[in-house]
Amino acid sequence: MKSPRLRTILCWVIFPITFVLAWASALAVQVPGPLVETGWLADHQGEVVILDVRKEAASYLGKPLAPSEKLNLKTLTGHIPGAISVPWKRTVSKGEEQGVPLKSMLPSPDGFGELMQASGVSTDSAVVIAGRGSTAKDQAFAARLYFTLKYFGHDNVALLNGGTAQWAKEGRPLAHTEEAPVKGDFAVTEARERLLATTKDVQNAIETGDVQVVDCRTEDFYLGLNFKRKFVSTKHKGHLEGAKTLPFVLLGESSGPAKLYSAEEIRAVADVKGVDLDMPTITYCNTGVTASLGWYALHELLGNGQTQLYDGSMHAWSTVDPSHSVMSLAQIAEAAATGETSGAPTQSEMQALFVRPPRSLQSLVDERRDALRRKRNQYFDAAAGRRLFQPAWMTAREEIVGGYRDSMREANRQHRDTLRLYQDTLRGLYAPWSRPFHDQAEIRHFVSQMEQLDRQELRDSLRFTHAYAPWHLFGY
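Residues numbered from 1 in each chain as written. Predicted model: local features only at pLDDT ≥ 70, side-chain atom pairs only at ≥ 80, totals over all residues. Heavy atoms only, no water.

J.: Any chance you could break down the overall build of the protein for me, citing the residues and the numbers?
T.: Tallying secondary structure elements over the protein gives 17 helices and twelve strands in all. Classification of the 476 residues of the protein by burial places 45% in the buried group. Sequence separation of 24 or more characterises 80% of the internal contacts of the protein that already satisfy a separation of 6 or more. Approximately 24200 Å² of the protein is accessible, and the part contributed by carbon and sulfur atoms is 55%. (Helix = DSSP H or I, 4+ residues; strand = E, 2+ residues; numbered from the N terminus. Buried < 20%, exposed > 50% of the residue type's maximum accessible area, 1.4 Å probe, protein only. Contact = heavy atoms within 4.5 Å. Areas by Shrake-Rupley, 256 points an atom, 1.4 Å probe, with all protein chains shown as cover.)

Laid out in structure tokens, this is it:
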């Protein structure tokens, strides 16, 4: 029997410690919502588990930038200090539906539990998922892991807006060594089947029309101009009958940092695409990755709690039953020509398929000419300071030449993208039955004017770079 002295020690020492530990656990940080910004993460960096999931596993480490190197988000390497690398291949696994084996499906509860434990996640952990963030596809991979955590019952989780790319762009430090997490005690408490849609669910949705089906792939896949050869058969090029299109690239910036648009902007995009945000919805893509970003936008950001993810997506649709049909490009064109819109978008809906609205080609030329005029004025202003002492003048000239070089690269990129857009429109790539916005003569004139402005900008730059070399020789 314990002595009174021992009981006193237990009461005044051990019990308070237990109470403090329980109190600290109860005060574990909670993410403020499904999406957090880099500033919030920086303030709570030591209180959350940061998971870094990306397709390019080698970019998690990489080499630090040299002092003279500029940050390039397209080739970004490194990770947020403390972020644990989660191998993408372990976030998906082989599965089956109706006895048919499928690839890239949700992992088993046990397999996912072991993965999260090895990544340092515990049952009460606040988790922030930070992908590479250089492209919209990077955000889709992060959203897939977010969905998996939600599906297996973990709610204290958020995406980092813009991922590692946004963190790096803001000048925050990056790590290039492997992180060693402390093993967590994560356990799968439930599998929320209500978040998933099966092939039978999708088939019923198509037949009854009671559930909205949304295609989150890019429009070339939606129209059957392209298909995922590794997962989808040739005869299944196209989209599910009656499906609306909400490409994942319209949910956020398409290049780094790939920040998601605001809820208001995504709501407006969904409205343009004819997506009913109050209707039960199933999102799909090729294998459930980009559809996860669509699910995240509708279910988490816009609050449509009736949104489900079709895990198998087009891979399951074409594999479980090869007789399943899709709307091909020829069928869409025929339906539009005859006015039969069942299962195909109307002419006005096809107009909304364009990622960007048509613009006047002459307005693009005028904008470029104005930018060139402003750049020329900057050169003249810099030339007026040529009598500065040599170090100051050379520094000023180097800054302006560097700025010119960057602006020239950006102008060339815009020129190339704009030209490609209108050439695609001319060929009728997105809507073969609609009248092109511009004819061939207008395209040729546009290209000629843009090339002329390119040459003019190059001449101005060379004139500025070489005109004042004698001042350097004389020490001015």
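Text resumes after the structure shown.
J.: Would you mind going over the sheet that holds strand S8 (residues 196-197) in detail, with residue names and values included?
T.: The parallel open sheet is built from five strands, whose spatial order is S8-S12-S11-S9-S10. Two strands in the sheet have a free side with no partner beyond their single neighbour: S8 and strand S10 (244-245). In this structure, strand S9 (residues 212-215) lies alongside strand S11 (residues 281-284), joined through four bridges in parallel fashion. The residue bridging Val-214 from the neighbouring strand is Thr-283, located in S11. (Pairing = 2+ DSSP bridges.)

J.: So what's going on with the sheet that holds strand S6 (residues 127-129)? Residues and values would help.
T.: Reading across the sheet, the five strands line up as S1-S7-S6-S2-S3 and stay open at both edges, with parallel pairing between neighbours. Of all strands in the sheet, those with a lone pairing partner are strand S1 (35-36) and strand S3 (84-87), marking the two edges. As paired strands, strand S2 (residues 49-54) and S6 are joined by three bridges and run parallel to one another. Bridge pairing links Ile-50 to Val-128 in S6. Sitting on the sheet, helix H5 (residues 136-151) touches S2, S3, S6 and strand S7 (157-160), and the angle it makes with S7 is about 175°. (Axes fitted to C-alpha atoms, helices over the stretch in contact; angles between N-to-C directions.)

J.: Just give me the short version of the packing of aromatic side chains, but keep the residues and values in it.
T.: This structure, assessed with the given rule, holds eight aromatic pairs. Taking the centre distance of 4.7 Å and the plane angle of 70° together, the rings of Trp-88 and Phe-141 count as edge-to-face. Taken together, the residues Trp-88 in helix H3 (residues 88-91) and Phe-141 in helix H5 connect sequence positions 53 residues apart. Here Trp-88 matches Phe-141 in class, with each residue buried. For the pair Phe-147 and Tyr-151, a centre-to-centre distance of 6.2 Å together with 15° between the ring planes defines the contact as stacked. Taken as a pair, Phe-147 and Tyr-151 lie in helix H5 at a separation of four residues, close to a single helical turn. Across the pair, exposure class does not vary: Phe-147 and Tyr-151 are buried alike. (Phe/Tyr/Trp six-rings, centres within 6.5 Å; stacked < 30°, edge-to-face > 60°.)

J.: Which residues make up the packing of helix H7 (residues 199-208) against helix H11 (residues 313-320), and what values go with them?
T.: Interhelical geometry of H7 versus H11 gives an angle of 90° and a closest axis separation of 10 Å. One way to sum up the angle between H7 and H11 is to call them roughly perpendicular. Between H7 and H11, the residues in contact are Thr-199, Val-202, Gln-203 and Ile-206 and Ala-316, Trp-317 and Val-320, respectively. (Parallel < 35°, antiparallel > 145°, perpendicular 65-115°, else oblique.)

J.: Help me get a handle on the nonpolar core, residues and values and all.
T.: Ranked by internal contacts, the top residues of the largest apolar core, which has 50 residues, are Leu-51, Met-116, Ile-129 and Leu-149. Of all the elements in the fold, those that place two or more residues in this core are S2, S3, helix H4 (109-118), S6, H5, S7, helix H9 (263-272) and helix H10 (290-301). No other element matches H5, which puts ten residues into this core. Every residue in contact with Leu-149, bar those within four places of it in the chain, is listed here: Leu-51, Phe-112, Met-116, Val-127, Ile-129, His-154, Val-157 and Phe-186. Residues Leu-102, Val-232, Leu-240 and Trp-317 belong to the second largest nonpolar core, which totals 18 residues. (Core = buried A, V, L, I, M, F, W, Y, C linked by side-chain atoms within 4.5 Å.)

J.: Hey, could you go over the pattern of salt bridges for me, with residue numbers and the actual values?
T.: What the rule picks out here adds up to eleven salt bridges. Residue Asp-311 pairs with Arg-144 through a salt bridge whose shortest N-O separation is 2.7 Å. Residue Asp-311 is located in the loop between strand S12 (307-310) and H11, and its partner Arg-144 is located in helix H5; the two are separated by 167 residues in the primary sequence. For Arg-144, a relative accessible area of 0% gives the class buried. Members of the salt-bridge network, linked through shared partners, are Lys-150, Asp-155, Glu-190, Arg-192 and Glu-300. (Salt bridge = Lys/Arg side-chain N within 4 Å of Asp/Glu carboxyl O.)

J.: Just give me the short version of the environment of Gln-30, but keep the residues and values in it.
T.: Note on placement: Gln-30 falls in the loop between helix H1 (4-26) and S1. Overall, the relative accessible area of 54% leaves Gln-30 in the exposed class. For Gln-30, the residues in contact, after removing those within four places along its chain, are Trp-40 and Asn-156.

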